[in-house]
Amino acid sequence: ASVAGWWSRVDPAGAVTAVVVDGAGAVVEVTGAGTPGVLADDAAWVLFTSGTSGRPKGVIGSTAGLVNRLWWWWRTIPYQPGDRAVVKTRPGFVDAIGEVLVPLLAGVPVVVADSADPAGLAELVAAERVTHLLGVPSLLAVLYDTHGDVLARAPLRVITSSGEPLTATLAATIRATNRDATI
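Quick caveat, the model's predicted, so the values are computed rather than measured. By convention here, each chain's residues receive numbers from 1 onward along its written sequence. In view of the model being predicted, local features appear only for residues whose pLDDT reaches at least 70, and side-chain atom pairs are presented and counted only at 80 or more, with totals across whole chains, interfaces and linings using the full set of residues. Excluding hydrogens and water, the side-chain figures rest on all heavy atoms present in the structure.

(A) Fine view of the overall build of the protein. Each helix corresponds to a stretch of at least 4 residues labelled H or I by DSSP, and each strand to a stretch of at least 2 residues labelled E; elements are numbered beginning at the N terminus. The helix and strand inventory of the protein stands at 6 helices and 9 strands. Each of the 183 residues in the protein was classed as buried or not, and the buried ones make up 37%. Should any heavy atoms of two residues lie within 4.5 Å, those residues are counted as being in contact. Of the contacts formed within the protein by residues at least 6 apart in sequence, a portion of 57% connects residues at least 24 apart. Surface accessibility follows the Shrake-Rupley procedure with a 1.4 Å probe radius. Residue values consider only the protein chains on display as shielding. Carbon together with sulfur atoms contributes 59% to the accessible area of the protein, which is approximately 9,700 Å² in total. Residue exposure (1.4 Å probe, protein chains only): buried if accessible area is under 20% of the type maximum, exposed if over 50%, otherwise partly exposed.

Pasting the structure below:
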């Protein structure tokens, strides 16, 4: 598999006319029909992080970084027919990129959570038959410690932990609740 092959599946209509990849598989250039070339180092997004200071600061993500992240996710956590993903991460954070774009690129419906309330999120995941859930371990801990009975009703197939260390205890709790899920 290659980024160029992946991109052609993402854009079957051919709006993207070329993806140039170096020998290591990194995107060097993407050009679109009727548009100037988009270079690997061009800005694709600005995300915000509090970093160590506790004060928000913008971090620019490159086009190559975006394509490589999406391609990695596409290959590593594949979607299947019948899958559904939940989107609950605010757009200014890095996990929102994969949480929104990868399922849509795969043709998978996304369910948008309109609340950060853990009880409401757990109910939404179960009611909407979500198969893919991404969260930081602190959120996953609240969800599974207080609403595990609700999440047990969901057909979760993939649970992705990101942004913080996942403890063995939390992984065991998730595994006990959603036995068939890949963590």
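From this point, the discussion proceeds with the structure in view.
(B) Representation of empty space enclosed by the protein. Cavity means a closed set of points on a 1 Å grid over the protein atoms alone, one where a 1.4 Å probe fits but cannot get out, pocket means an open set with protein on both sides within 12 Å along at least 5 of 7 lines, and lining means a residue has an atom within 4 Å of a point. Grid points are joined across faces, edges and corners, and a volume is the space filled by probe spheres set on the points. A full pass over the atoms with the stated rule returns 1 cavity of 30 Å³ or more. Lining the largest cavity we find Trp 73, Tyr 79, Ala 85, Val 86, Gly 98, Glu 99, Pro 103, His 132, Leu 133, Leu 134 and Thr 160. For the lining of the largest cavity, the secondary structure elements donating two or more residues are strand S6 (85-87), helix H3 (94-105) and strand S8 (132-135). Residue composition of the lining of the largest cavity, by class: 7 nonpolar, 3 polar and 1 charged. Charged residues are taken to be Asp, Glu, Lys and Arg, nonpolar residues to be Ala, Val, Leu, Ile, Met, Phe, Trp, Tyr, Cys and Pro, and polar residues to be all remaining types, Gly included.

(C) The arrangement of the nonpolar core in detail. Residue types Ala, Val, Leu, Ile, Met, Phe, Trp, Tyr and Cys, when buried and joined through side-chain atoms within 4.5 Å, form a set referred to as a nonpolar core. Val 125, Leu 140, Leu 143, Tyr 144 and Leu 156 are the most contacted members of the largest nonpolar core, which totals 20 residues. Of the residues forming this core, the biggest block, 5 residues, is contributed by helix H5 (residues 137-151). In contact with Val 125, other than residues within four places in its own chain, are Val 86, Val 130, Leu 133, Leu 151, Ala 154 and Leu 156. Of all hydrophobic cores here, the second largest spans 13 residues; its members include Leu 47, Leu 70, Ala 85 and Ile 97.

(D) Quick peek at the packing of aromatic side chains. Between the rings of Phe, Tyr and Trp (Trp by its six-membered ring), a pair exists once the centres lie within 6.5 Å; its type follows the angle of the planes, with under 30 degrees stacked, over 60 edge-to-face, and the other angles tilted. Tallying each qualifying case throughout the model produces 0 aromatic pairs. Both a distance and an angle decide whether a charge sits over a ring: NZ of Lys or CZ of Arg must be within 6 Å of the ring centre and within 35 degrees of the ring normal. The lysine or arginine in question, Arg 75, covers the ring of Trp 71, its NZ or CZ lying 4.2 Å from the ring centre.

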